[in-house]
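Breakdown of the fold
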Amino acid sequence: APVNAITVDALAVLLLTPNVLGRVHSDVIDDVVQVISVLQVQTVDDVVDQATRVASNQPATMTTMRWEWPLNVIVSVTVIVNLTAMGISLDSGDPEHEGWVALEALCVAVFVAEAAIKIWYSRDNYFRGDAAYWNLADFVITVISVF
């Protein structure tokens, strides 16, 4: 490891030390404040929300619909199943077998349904809201997977 290396744990302890901001050079104080606020966040969703808010200089919004959590779980499981199936199908030597193609079609159907549900409920905000770039990337990948 480089001589000036520091572990993430040590960095967290250092940044959470009382009065640390009084010891930080004024040129980097805003960056240190952002790092400290991220270190104090509890979940991955909170970290993403905090990073999005900081990047866009907008107040954090944590409005989630009842359907989002179950949909995200279903899509996450589908992604894992799809990736696992792709790996196994390539190792099996017959990735074009009807079973693998059918499983791929099922996974694509779940991804299309996810995009449709999110567009339906988000309306204009799907491509313009806080997560517009993520949604656009997700939508493009879904459209590509259909073809």
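For the structure itself, look to the data block above.
Now for a description of the structure that goes with this document.

So, the environment of Ile29
Of note, Ile29 is situated in helix α2 (residues 29-39). For Ile29, a relative accessible area of 27% gives the class partly exposed. Excluding its chain neighbours within four sequence positions, the residues that come into contact with Ile29 are Leu21 and Val24.

Observations concerning helix α6 (residues 132-146)
Along its 15 residues, α6 runs 21 Å from first to last C-alpha, staying within 8% of the 21 Å computed at 1.5 Å per residue. Within the sequence span of α6, burial applies to Ala132, Asn135 and Thr142. Each buried residue of α6 sits inside an arc of 95 degrees when the element is viewed along its axis, so together they form one side. Every exposed residue of α6 that faces more than 90 degrees away from the buried side is listed here: Tyr133, Trp134, Ile141 and Ile144.

Section: the environment of Tyr126
The residue Tyr126 is located in the loop between α5 (98-122) and α6 in this model. Looking at Tyr126, the relative accessible area reads 1%, which means it is buried. Here the alpha-carbon distance between Tyr126 and Phe139, two residues 13 residues apart in the chain, equals 9.9 Å.

Overview of a nonpolar patch on the surface
On the surface, Trp69, Val73, Val77 and Val81 cluster together into a nonpolar patch covering about 390 Å² of accessible area. You can call Val77 partly exposed: its relative accessible area is 46%.

Rules used throughout
- Residues numbered from 1 in each chain as written.
- Predicted model: local features only at pLDDT ≥ 70, side-chain atom pairs only at ≥ 80, totals over all residues.
- Heavy atoms only, no water.
- Helix = DSSP H or I, 4+ residues; strand = E, 2+ residues; numbered from the N terminus.
- Buried < 20%, exposed > 50% of the residue type's maximum accessible area, 1.4 Å probe, protein only.
- Contact = heavy atoms within 4.5 Å.
- Expected span 1.5 Å × (residues − 1).
- Arc of directions from axis to C-beta.
- Patch = residues over 30% accessible without salt bridge, like charges linked within 9 Å, V, L, I, M, F, W, Y side chains within 5 Å.
- Areas by Shrake-Rupley, 256 points an atom, 1.4 Å probe, with all protein chains shown as cover.
- Salt bridge = Lys/Arg side-chain N within 4 Å of Asp/Glu carboxyl O.

Everything listed here is a matter of coordinates, which is why it stays silent on function.
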